[in-house]
Protein chains: 2
Amino acid sequence: MSSTTPTEFALPHAFQAAGVACGIKSDPAKLDLAVFVSDVPCTVAGVFTQNIVCGAPVQVSRSRVPRASARAVVINSGNANACTGQRGLDDARWMTAEVADRLGCSADDVLVCSTGVIGHFLPREKLAAGIPRAVDDLASTPEAFARAARAMMTTDTVPKLAVRQADLDGTRITVSGAAKGAAMIGPNMATMLAVLVTDAALSPSEADAALRHAVDASFNSIRVEGHTSTSDTVLLFANGAALRPESAPAARPVASRGDARASDQPPLVPPPLQQLISDVCADLARQIVRDAEGAGHFVTIDVRGLRTRQEARRIAKVVADSALVKTAIAGNDPNWGRIVSAAGYAGVDLRETDITLRLNGSLLFETGSPVAHDAAAVSQSMATGEVHVELDFPLGDAFTRFWTSDLTTEYVRLNSEYTT
Amino acid sequence: MSSTTPTEFALPHAFQAAGVACGIKSDPAKLDLAVFVSDVPCTVAGVFTQNIVCGAPVQVSRSRVPRASARAVVINSGNANACTGQRGLDDARWMTAEVADRLGCSADDVLVCSTGVIGHFLPREKLAAGIPRAVDDLASTPEAFARAARAMMTTDTVPKLAVRQADLDGTRITVSGAAKGAAMIGPNMATMLAVLVTDAALSPSEADAALRHAVDASFNSIRVEGHTSTSDTVLLFANGAALRPESAPAARPVASRGDARASDQPPLVPPPLQQLISDVCADLARQIVRDAEGAGHFVTIDVRGLRTRQEARRIAKVVADSALVKTAIAGNDPNWGRIVSAAGYAGVDLRETDITLRLNGSLLFETGSPVAHDAAAVSQSMATGEVHVELDFPLGDAFTRFWTSDLTTEYVRLNSEYTT
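Here the structure is a predicted model, which means the values were calculated and not measured. (Residues numbered from 1 in each chain as written. Chains lettered and ligands numbered in written order. Predicted model: local features only at pLDDT ≥ 70, side-chain atom pairs only at ≥ 80, totals over all residues. Heavy atoms only, no water.)

A. Representation of the nonpolar core in the model. Residue and element names in this part refer to chain A. Ranked by size, the top nonpolar core spans 38 residues in total, and within it I301, V303, I315, I355, V389, L391 and F393 carry the most contacts. Listing elements by their share of this core, those giving two or more residues are β10 (298-306), α7 (309-321), α8 (323-330), α9 (336-344), β11 (356-359), β12 (362-366), α10 (375-382) and β14 (386-392). Here this core takes 6 residues from α7, the largest share from any one element. (Core = buried A, V, L, I, M, F, W, Y, C linked by side-chain atoms within 4.5 Å. Buried < 20%, exposed > 50% of the residue type's maximum accessible area, 1.4 Å probe, protein only. Helix = DSSP H or I, 4+ residues; strand = E, 2+ residues; numbered from the N terminus.)

See below:
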């Protein structure tokens, strides 16, 4: 159940993908248009940026989820279609209609994402030529999925793919995902996009609950520089085709549970299925952090022993956002003072003597006091590029895990270049 | 009423200062011990870091303000005496007692600040030799005050001094201040310290209210990297000596107003006096931002037209903290998308069409839409090192002003060096 390379990549039943180059990016050879399609109407759920300033595709897609009759998502890179007003909204809806025409479905059953430069209008003529080619190229092969993942990339250096499979009630279920990362450069925002597809059967509210649960512990638990993008989107398509792999599945997935929303509790998907979805999200989220622009270290932050998960997350977020912590890590400096003091201003009710810190397994600070340690050895362990920050408190049982990168001169160089 | 150089520096009546080198810093020639003394008992108020993890001197000084019988503050640089437990508290109290012995006052009437490396115990023998020398060196000259300001420095490249004078009710009042900055390097925190002295007469609660008001719009309105230090301290001493310059003033300043705290309203100091104190704080705060480690641009952020000042401050803070905004400014890139999108995730209830942005006077984004502009000309204006961000909203009359610096490769280099 580890992350796989494209050649090992398994696709869920009755999904196809394509990635083509249509000239939105300045290099005409670069893939910049992706389509993911379910052969049959399927469930889709989405989680979107919380930024008030959000791209037209976010506004269009958000209005269409969750739904039971989805067929596809169309994604372009190189242009975010954000801060583009009414014309941007028209362009986003037009993209979905172009795809829907070729699939023979309603435009409302197609979602849309865009990532890239903001404040520029989409080149309709290029998309008008590219969309038919992408639909013609649709295939259910791992290679097609990898091309789609590559067409989502902006400054990512590698495509990001993940897959998990399990036998649930005697049926082999596959959850596959593709993502692009928080690669921060040029006038682009630090946008992340992810598309998950599964042949499990989920109702819209089940898919929504499962996705929100998975995103909370994955894409919402990574920090690169904390700037909320205009375009962040995570979509989960579930077509139920695993249950009837040899025939076309019903338009409405079978075995949907708990859609009535009789209570305020979100419907529960079976824990093994939730685990598959969560694992794919976490795998993709980690890949995004590993490929963050200029990043030299991959940092895992565990915060344990708080009264609530909210408290633990507040501390993890402050540590992950601290420029002083991130520059120290860039320099392999086991600078416990910066980490401990960051925890101290997280706004959580605690005392200095509540704080215990380990760095790559070495105890540096225990219940409020520095601990003698071999700083050179800890620094050497950080030079591997893997850093594990563990903060323990005696205040409760709640915990969280965050992932982040360091802050390097390369990050600043890439983001300072004049690009407007 | 502009900021002055040390040679023009005016000292309030009946204050003395000294700065000596006692060997806490590795370079024995560097000044590292400062003392500020009022010749007579005076009022003191203080504002301190809100970090739960705070240095021993913060804990000791915080417990002693506001008070009416203060005499002095002793400050060392090179060692923050933070994360040092009971021994650190004992050392901080011992420093105040050493000074008090020589001034013939109670230790409780002396405050203490420390800035520098954290997690190390203070070298008592060096301080025991240095404190008597500093007290012997006390003088009421501008040069002595400048030496004291220099002895507070860590990685500051210049001492920070400011003075304002005005005739209030026929009496010439002087407010003078010295500060050290948020220069971020090594294992040090981004600590700022400031000491203000005035020969105006203020009661403890008046001084407290006046200082909090001034700090809110100065030291609390600057951002370098948002990491709250363990040691931040701003102190205001007011000895009333202007009212009786030729004789020793009363132990309790005369003309104290509103100390009864009969209402929940903080006592008001006369607006002209508040202005002097606020101006000195703002002057010092701007000097701190200009001297921030690695900073290449000085950025003024005006946010206007919100329902509350709190909303305006939330937006200003998010813009000032955004690594994407700060790196764009480092590269003279008029990247309006990063600024507008930062405003969008500040957590303030607004719509994209509420946002209007000017950069160095050029209109870049108006009520939600990009405005055609000469990007090269705007970039050229940014290359002067002065950047003015103006965000206007139509939601109310509240506004705020923040100051910040850019984010440069030099900042990262300085803060990544292995130093623990």
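B. The arrangement of the relation of the copies chain A and chain B in detail. Mapping chain A onto chain B leaves a residual RMSD of 0.0 Å; the transformation is a rotation of 180 degrees accompanied by 0.0 Å of translation along its axis. Taken together, the rotation angle and the small translation identify this as a two-fold axis. Within chain A, T409(A) has its C-alpha nearest the rotation axis, a separation of 2.3 Å. In this assembly the copies share their binding face: 100% of the residues contributing to the interface of chain A also contribute to that of chain B. (Least-squares fit on C-alpha atoms with pLDDT ≥ 70 in both. Contact = heavy atoms within 4.5 Å.)

C. Region of the structure containing the side chain of S61(A). Residue and element names in this part refer to chain A. The residue S61 is located in helix α1 (residues 56-62) in this model. Within the structure, the side chain of S61 is placed 2.6 Å from the backbone oxygen of V112, a separation counted as a polar contact. Setting aside chain neighbours within four positions, we find S61 in contact with F48, L111 and V112. (Polar contact = N/O pair within 3.5 Å; in protein donor to acceptor, adjacent residues only side chain to side chain.)

D. The arrangement of the pattern of salt bridges in detail. Residues and elements named next belong to chain A. This model, assessed by the stated rule, comprises 40 salt bridges over all chains. A salt bridge links D302 to R401; the shortest N-O distance between them is 2.8 Å. Taken together, the residues D302 in strand β10 and R401 in strand β15 (residues 398-405) connect sequence positions 99 residues apart. With relative accessibility at 40%, the residue R401 sits in the partly exposed group. Between R307 and E311 there is a salt bridge, and its shortest N-O distance comes to 3.2 Å. (Salt bridge = Lys/Arg side-chain N within 4 Å of Asp/Glu carboxyl O.)

E. Seen up close, the sheet that holds strand β15 (residues 398-405) of chain B. Residue and element names in this part refer to chain B. Across the sheet, which stays open at both edges, the 7 strands sit in the order β8-β15-β10-β14-β11-β12-β13 with mixed pairing between neighbours. Unpaired on one side and paired on the other, β8 (222-223) and β13 (369-370) mark the two borders of the sheet. Where β8 meets β15, 2 bridges bridge the pair, whose relative direction is parallel. Residue pairing for β15: I222 is matched across the bridge by W403. Taken strand by strand, helix α6 (residues 271-290) contacts β8, β10 (298-306), β14 (386-392) and β15, and its axis lies near 40 degrees from that of β15. (Pairing = 2+ DSSP bridges. Axes fitted to C-alpha atoms, helices over the stretch in contact; angles between N-to-C directions.)

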